Amino acid sequence: MNQYSIVSVVNQEYEKFLKVFLKSALEKLSLENIKEICILNTGVSDEVVSELEKLNRKIKIIKHNEIIDSSHSWDDGWQKNVLLKTKFVKDYISENKIPTFMIDIDSMFLNDISNILKYEMDVILCDRSDIWGGMPFIASFVGFLDVNKSIEFLDEWILEMKNINGFETRETPALNVMARKGDKYKIG
């Protein structure tokens, strides 16, 4: 089976989530299928980073050039962290040329996700249409399987986020616009 990577972004306010995220990944995922779990750090202390990187050699935590604080969901710091994810995953895929899952740090793994790589798709989205049909896809889990098509998808998604108005966040609404481009991308 081909290897894949997992990327996310974390700040100090989400430190507890980071610990759950990483420990559940190490417990539930088939580690032989993972190249690395790469986290962009926008505020977690060096001590915590050192502790977590010792859990497994596949954990890589990269210090961002800016500390981004957030006191609650949807505030300016939260928005900055959210908007960093798409740029970070695009840069990661461009550099590493490997299928990559962008997963929110406040998630935890219940089962292995390796089987998703079997799909003949460019991009895999998290469908929550049973909860909200008006915006069925959420940007908390996006699988980028075809490297070249995913980079193209991310370029368009990042541009689309700049055009979104009327929502507290732009990432998920823009993703739903992108999902409607099914003729351009094979989306699962």
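Remember, predicted model here, so these are calculated numbers, not experimental data.

What counts and how
- Each chain has its residues counted from 1, running along the sequence as written.
- The predicted nature of this model means local features are confined to residues of pLDDT at least 70 and side-chain atom pairs, given and counted, to a pLDDT of 80 or more, with totals for whole chains, interfaces and linings taken over all residues.
- Side-chain metrics rest on all non-hydrogen atoms present in the structure, leaving aside hydrogens and water.
- Residues belong to a common nonpolar core when they are buried Ala, Val, Leu, Ile, Met, Phe, Trp, Tyr or Cys residues joined through side-chain atoms within 4.5 Å.
- Exposure classes here rest on a 1.4 Å probe applied to the protein chains alone. A residue is buried below 20% of its type maximum, exposed above 50%, and partly exposed in between.
- A run of H or I in DSSP becomes a helix once it reaches four residues, and a run of E becomes a strand once it reaches two; helices and strands are each numbered from the N terminus.
- Every axis corresponds to a line fitted to the C-alpha atoms, with the helix fit spanning only the stretch in contact, and the corresponding angles, defined between N-to-C directions, vary from 0 to 180 degrees.
- Angles below 35 degrees are treated as roughly parallel, those above 145 as roughly antiparallel, those between 65 and 115 as roughly perpendicular, and all remaining angles as oblique.
- It only takes one pair of heavy atoms within 4.5 Å for two residues to be counted as in contact.
- Each residue receives one of three labels: charged for Asp, Glu, Lys and Arg, nonpolar for Ala, Val, Leu, Ile, Met, Phe, Trp, Tyr, Cys and Pro, and polar for the others, Gly being one of them.
- Distance thresholds for patches are 9 Å for like charges and 5 Å for nonpolar side chains (Val, Leu, Ile, Met, Phe, Trp, Tyr), applied to residues having over 30% relative accessible area and no salt bridge.
- Surface accessibility in these figures is a Shrake-Rupley result with a 1.4 Å probe; residues are shielded only by whichever protein chains are displayed.
- Any carboxyl oxygen of Asp or Glu that lies within 4 Å of a side-chain nitrogen of Lys or Arg is treated as forming a salt bridge with it.
- For this analysis, a ring pair means two rings from Phe, Tyr or Trp (six-membered ring only for Trp) whose centres lie within 6.5 Å, classed as stacked if their planes differ by under 30 degrees, edge-to-face if by over 60, and tilted for the remaining angles.
- Should the near helix be turned counterclockwise from the far one by less than a right angle, the crossing is left-handed, whereas a clockwise turn marks it as right-handed.
- In a helix, the anticipated span is given by 1.5 Å times the number of residues less one.
- Here a polar contact means two N or O atoms within 3.5 Å. Within protein one must be a hydrogen donor candidate and the other an acceptor candidate, and residues neighboring in sequence count only if both atoms are side-chain atoms.

Chemist: Describe the nonpolar core, naming the residues involved and giving the relevant values.
Modeler: Formed by 29 residues in total, the largest nonpolar core has its most connected members in Val142, Phe144, Phe153 and Trp157. When residues of this core are traced back to their parent elements, those giving at least two are β1 (4–10), β2 (34–41), α3 (76–96), β5 (123–127), β6 (137–144), α4 (147–163) and α5 (171–179). In this structure, Val44, Val49, Phe109 and Leu117 belong to the second largest nonpolar core, which totals 28 residues.

Chemist: Got a sec to walk through the packing of helix α1 (residues 15–28) against helix α2 (residues 46–53)? Specific residues and values, please.
Modeler: Contact pair α1 / α2: the axes reach a minimum separation of 11 Å and the direction vectors enclose 5 degrees. Here α1 lies roughly parallel to α2, going by the angle between them. Side by side, α1 and α2 meet where Glu15, Leu18, Lys19 and Leu22 of the first sit next to Val48, Glu51 and Leu52 of the second. Along the lines of polarity and charge, the residues of the contact of α1 with α2 split into 4 nonpolar, no polar and 3 charged.

Chemist: Talk me through a nonpolar patch on the surface; I want residue IDs and the actual numbers.
Modeler: A contiguous nonpolar surface patch, about 300 Å² in accessible area, is contributed by Val20, Met108 and Leu110. Tracing the chain through its elements places Leu110 in the loop between β4 (100–103) and β5. A relative accessible area of 59% means that Leu110 is categorised as exposed.

Chemist: Can you break down the packing of aromatic side chains residue by residue, with the values?
Modeler: Taken as a whole and judged by the stated rule, the model has 7 aromatic pairs. Taken together, a centroid distance of 6.1 Å and an interplanar angle of 65 degrees make the contact between Phe153 and Trp157 edge-to-face. Here Phe153 pairs with Trp157, and both are found in helix α4, just 4 residues apart, close to one helical turn. A single burial state applies to Phe153 and to Trp157, both of which are buried. Taking 5.2 Å as the distance between ring centres and 85 degrees as the angle between the ring planes, the aromatic pair formed by Phe153 and Tyr185 counts as edge-to-face.

Chemist: How would you explain the packing of α4 against α5 if you had to name every residue and give the values?
Modeler: It is the contact of α4 with α5, at a shortest axis distance of 9 Å, that shows an interaxial angle of 125 degrees. Here α5 runs oblique to α4, going by the angle between their axes. Between α4 and α5 lies a crossing whose hand is right-handed. Here α4 contributes Phe153, Glu156, Trp157, Glu160 and Met161 to the contact with α5, which in turn contributes Glu171, Ala174, Leu175, Val177 and Met178. A per-class count over the contact of α4 with α5 returns 7 nonpolar, no polar and 3 charged.

Chemist: Please set out the environment of Leu83 residue by residue, giving values where relevant.
Modeler: Tracing the backbone through its elements, the reader meets Leu83 in helix α3. Given a relative accessible area of 26%, Leu83 falls into the partly exposed group. When the C-alpha atoms of Leu83 and Asn165 are compared, they prove to be 15 Å apart, with 82 residues separating the residues in sequence. When residues no more than four places from it in sequence are discounted, the contact partners of Leu83 are Met161 and Arg170.

Chemist: Before we move on, can you summarise the pattern of salt bridges with the specific residues and values?
Modeler: Counted under the stated rule, the structure contains 9 salt bridges. In this structure, a network of salt bridges that share partners links the residues Lys85, Asp104 and Glu171.

Chemist: If you had to explain the side chain of Asn176 to someone new, which residues and values would you point to?
Modeler: Within the secondary structure, Asn176 is located in helix α5. With residues near it in sequence (within four places) discarded, Asn176 still touches Met135, Pro136 and Phe137.

Chemist: Describe α4, naming the residues involved and giving the relevant values.
Modeler: Given a rise of 1.5 Å per residue, 17 residues ought to cover 24 Å, and the 25 Å separating the end C-alpha atoms of α4 matches this to within 8%. Listing the buried residues of α4 in full gives Val147, Ser150, Ile151, Phe153, Leu154, Glu156, Trp157, Glu160 and Met161. Where α4 begins, the capping side chain belongs to Asp146, and its oxygen is found 3.3 Å from the backbone nitrogen of Asn148.

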